[in-house]
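The residues making up each chain are set out below.
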Amino acid sequence: MSAGWIQSGKVRARITGDGALEVACTGLTTQTKYYKTLLREFFRKDFPRLRPGYGDYSVHIVMEHLGEAPWMDLDNLAKALLDSLVGNVFEDDRQVARLLVERRGAERDGIWMRAEAIEV
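First, a word on what this report is: a plain description of the structure on this page. (Residues numbered from 1 in each chain as written. Predicted model: local features only at pLDDT ≥ 70, side-chain atom pairs only at ≥ 80, totals over all residues. Heavy atoms only, no water.)

## Details of the environment of Leu28
Among the secondary structure elements, Leu28 is positioned in the loop between β3 (21-26) and α1 (33-45). By relative accessible area, Leu28 is classed as partly exposed at 25%. Separated by 35 residues in sequence, Leu28 and Met63 place their C-alpha atoms 8.3 Å apart. (Helix = DSSP H or I, 4+ residues; strand = E, 2+ residues; numbered from the N terminus. Buried < 20%, exposed > 50% of the residue type's maximum accessible area, 1.4 Å probe, protein only.)

Shown next as structure tokens:
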């Protein structure tokens, strides 16, 4: 069953039909810690309580930008986003067994993330 998007401010999220969490955030900042706080507050206040899982997870993160790519370390972005998922999607970010982080040109600035349990 696929739920619709829930949005608050710059963040929207949904649970897909296959059980993955998809999150989109409009706009970009080079202060990656901003995303950790923004998403934690979103999950706490606006998104239905998620139940953290205990197995392995796959996470795909995309930073999309219009024009020149902003000066941002993708590894720092990934760390902030993974930290925002702790206690919501998984118990600890050590559960992330597969991680893909990329940047690409797009029609607008933003962050997209998909987190899903890896079936054994």
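The discussion continues.
## What to know about the nonpolar core
In terms of nonpolar packing, the biggest core is built from 28 residues, with Leu21, Phe43 and Leu77 touching the most fellow members. Secondary structure elements with two or more residues in this core: β2 (11-15), β3, α1, β4 (57-65), α2 (74-85) and β6 (110-117). Once residues within four sequence positions are removed from consideration, Leu21 is found in contact with Ala13, Arg14, Ile15, Phe43, Phe47, Leu50, Leu85, Val89, Met113, Arg114 and Ala115. (Core = buried A, V, L, I, M, F, W, Y, C linked by side-chain atoms within 4.5 Å. Contact = heavy atoms within 4.5 Å.)

## Quick look at the pattern of salt bridges
Under the counting rule described, the total for this entry stands at 11 salt bridges. The shortest N-O distance in the salt bridge between Asp83 and Lys36 comes to 3.6 Å. Here Asp83, found in helix α2, pairs with Lys36, found in helix α1; they are 47 residues apart in sequence, far enough to count as distant. Judged by its relative accessible area of 13%, Asp83 falls in the buried class. Judged by its relative accessible area of 28%, Lys36 falls in the partly exposed class. Across the pair Glu41 and Arg44 runs a salt bridge whose closest N-O atoms are separated by 2.8 Å. A residue pair is termed a helical-turn pair when its members lie 3 or 4 positions apart in one helix, as Glu41 and Arg44 do in helix α1 at 3 residues. We classify Glu41 as partly exposed; its relative accessible area is 32%. (Salt bridge = Lys/Arg side-chain N within 4 Å of Asp/Glu carboxyl O.)

## Regarding the pairing of β6
As paired strands, β3 and β6 are joined by 6 bridges and run antiparallel to one another. Each residue of the ladder has a partner; that of Thr26, found in β6, is Gly110. In this sheet, β6 lies alongside β4 in antiparallel orientation, the contact comprising 8 bridges. Among the inter-strand pairings, Glu64 is bridged to a residue of β6, identified as Gly110. (Pairing = 2+ DSSP bridges.)

## So, the sheet that holds β4
Sheet architecture is open: 6 strands sit in the order β1-β2-β3-β6-β4-β5, paired in mixed fashion. Bordering the open sheet on either side are β1 (6-8) and β5 (96-105), each of which pairs with just one other strand. The sheet shows a mean angle of 10 degrees between the axes of neighbouring strands, taken without regard to direction. Against the sheet, α2 engages β3, β4, β5 and β6, with an angle of about 125 degrees to β5. (Axes fitted to C-alpha atoms, helices over the stretch in contact; angles between N-to-C directions.)

## Considering the environment of Arg40
One can find Arg40 in helix α1. On a C-alpha basis, the gap between Arg40 and Gly87 in space is 9.5 Å, while along the polypeptide they are 47 residues apart. Residue contacts for Arg40: discarding those within four places in its chain leaves Asp83, Ser84 and Val86. Among the polar contacts listed, one links the side chain of Arg40 to the backbone oxygen of Asp83, at a separation of 2.9 Å. (Polar contact = N/O pair within 3.5 Å; in protein donor to acceptor, adjacent residues only side chain to side chain.)

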